[in-house]
Amino acid sequence: MNLNTRANIAPDRRTVIHFQKKALSRGVVYEVLQKFGMSKTIPKNNGDTTEFRRAEPYAVNPTPLVEGITPSGDTIRYTNKRIQILPYGHVVPISDEILDIDPYGVFVKDDLITLEGEHVVASNEAILWGVLRAGTNVFLANGSARTDVNTPISKTKVQAVIRALNAQKAKKITSIQSGSPDFGTRPIEASFVAVCHTNCEQDIRALPGFTPVAEYGQRSALSEYELGCLESVRFVMSPDLTPFIDAGGAKSGSGTEMISSSGTSADVYPVVFFAREAYAYISLKANMGLNNASIEPIIIPVDMMSKSDPLNQRGFVGSKWRFGAGILNEAWMARLEVAATKQ
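Criteria and cut-off values
- Within every chain, residues take consecutive numbers counted from 1 along the sequence as written.
- pLDDT decides what is reported in this predicted model: residues at 70 or higher carry local features, side-chain atom pairs at 80 or more are listed and counted, and totals for whole chains, interfaces and linings draw on all residues regardless.
- To obtain the side-chain values, all non-hydrogen atoms of the structure were used and water was disregarded.
- The pairing test for Phe, Tyr and Trp rings, Trp by its six-membered ring, is centres within 6.5 Å, and the orientation test on the planes gives stacked under 30 degrees, edge-to-face over 60, and tilted for anything in between.
- Note on conventions: DSSP H or I runs of at least 4 residues are helices, E runs of at least 2 residues are strands, and numbering of each starts at the N terminus.
- When accessible area is computed with a 1.4 Å probe and restricted to protein chains, residues below 20% of their type maximum are described as buried, those above 50% as exposed, and intermediate ones as partly exposed.
- Placement of a charge over a ring requires the Lys NZ or Arg CZ to be within 6 Å of the ring centre, with the centre-to-atom vector within 35 degrees of the ring normal.
- Here a cavity means grid points, on a 1 Å grid over the protein atoms only, where a 1.4 Å probe fits yet cannot get out; a pocket means an open set of points with protein on both sides within 12 Å along at least five of seven lines; lining residues are those with an atom within 4 Å of a point.
- Grid points are joined across faces, edges and corners, and a volume is the space filled by probe spheres set on the points.

Colleague: Even after reading the chapter, I still don't get the packing of aromatic side chains, so can you show me in this structure?
Modeller: How two aromatic rings sit relative to each other is given by the distance of their centres and the angle of their planes. Applying the stated criterion to the full structure yields five aromatic pairs. For the ring pair Phe-235 and Phe-273, a centre distance of 6.2 Å and an interplane angle of 75 degrees mean the geometry is edge-to-face. With Phe-235 in strand E10 (residues 233-237) and Phe-273 in strand E11 (residues 269-274), the pair connects residues that are 38 residues apart, well separated along the chain. Given a relative accessible area of 0%, Phe-235 falls into the buried group. Ring centres of Phe-274 and Tyr-279 lie 5.2 Å apart, and the angle between their planes is 80 degrees; this geometry places the pair in the edge-to-face category. The pair Phe-274 / Tyr-279 is uniform in exposure class, with both members buried. What links up through ring pairs into an aromatic cluster is the set Phe-36, Phe-274 and Tyr-279. When the ring centre of Tyr-78 is taken as reference, the NZ or CZ atom of Arg-53 above it lies at 4.2 Å. A cation sits over an aromatic face here: Arg-146 above Phe-244, 3.7 Å from the ring centre.

Colleague: Where do I start with empty space enclosed by the protein in this structure?
Modeller: Where empty space is left can be seen by rolling a probe of water-molecule size over the atoms. Tallied over the full model, the rule gives one cavity of 30 Å³ or more. Volume-wise, the largest cavity comes out at about 30 Å³. Surrounding the largest cavity, Leu-132, Gly-135, Thr-136, Asn-137, Val-272, Met-333, Ala-334 and Arg-335 form its lining. For the lining of the largest cavity, the element with the most residues is strand E15 (residues 333-338), which contributes three residues.

Laid out in structure tokens, this is it:
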């Protein structure tokens, strides 16, 4: 058990005199992916798997009728997609002295709750990214395999993805999750959305015809992390959308040095494009109508005696939740694998 004690909170107590009530800011996860997917819940006691059903369109029939002849009947076809929710949890053990004796204890209580909420959001975002970057509809910046990729994103490749989505009659996104407690939506201008790591920012800004958010005029941004748009695609950035480390070609093989974690092979950055209803994420329906996330906070006070803690020396703060994600339509999502120019 990684018990948090006074030593964790104030390693050198001899120099502690006074504590500022306002804590310093910290880097938190960019909540991006949960804004654009379908958000659904499973009621309690209704299993751990939900199924989406899509009726597929009939094949086009341009043949005219023959007099007196009834055409052969057609068959309705469905595509079913199942998503399972899985249990997740996190716990932080704390000693009684942190909260009862140490001067930091006044602030630790609030920090524990805030950090726990941030941890759940970050975990769900990572789960979603793992699902989305594993899609099967793949485009490459160059070459015929991921191991060849060592060039940045280009307008030509973005246009190729747009053409592919349009060919599949992909529907542009017209609303996003509002982020309010009831998980409502807000309307947006119809567009495809592309998400990628912030290391790709300079290459995207350099694309011919790219329009940054600052020049949108009356158009409102999808998110505070939106970079701008190119044709019918709006780009949203996050440092949490991790690349495939050292998975590409030689970092300088294209004549321009690319970012490389190892210093040899280029890191490959997935730029994931998606249309409406391309993916969904599922949670267990919350108790008492709190919200769709159904996060169960776990707080065991230090004064709750038990056989394992007869002297009331430990407490716990944590959370438990169920979450699942899946791609609903591979043809309405595409992954463009690129390298990022080393500036």
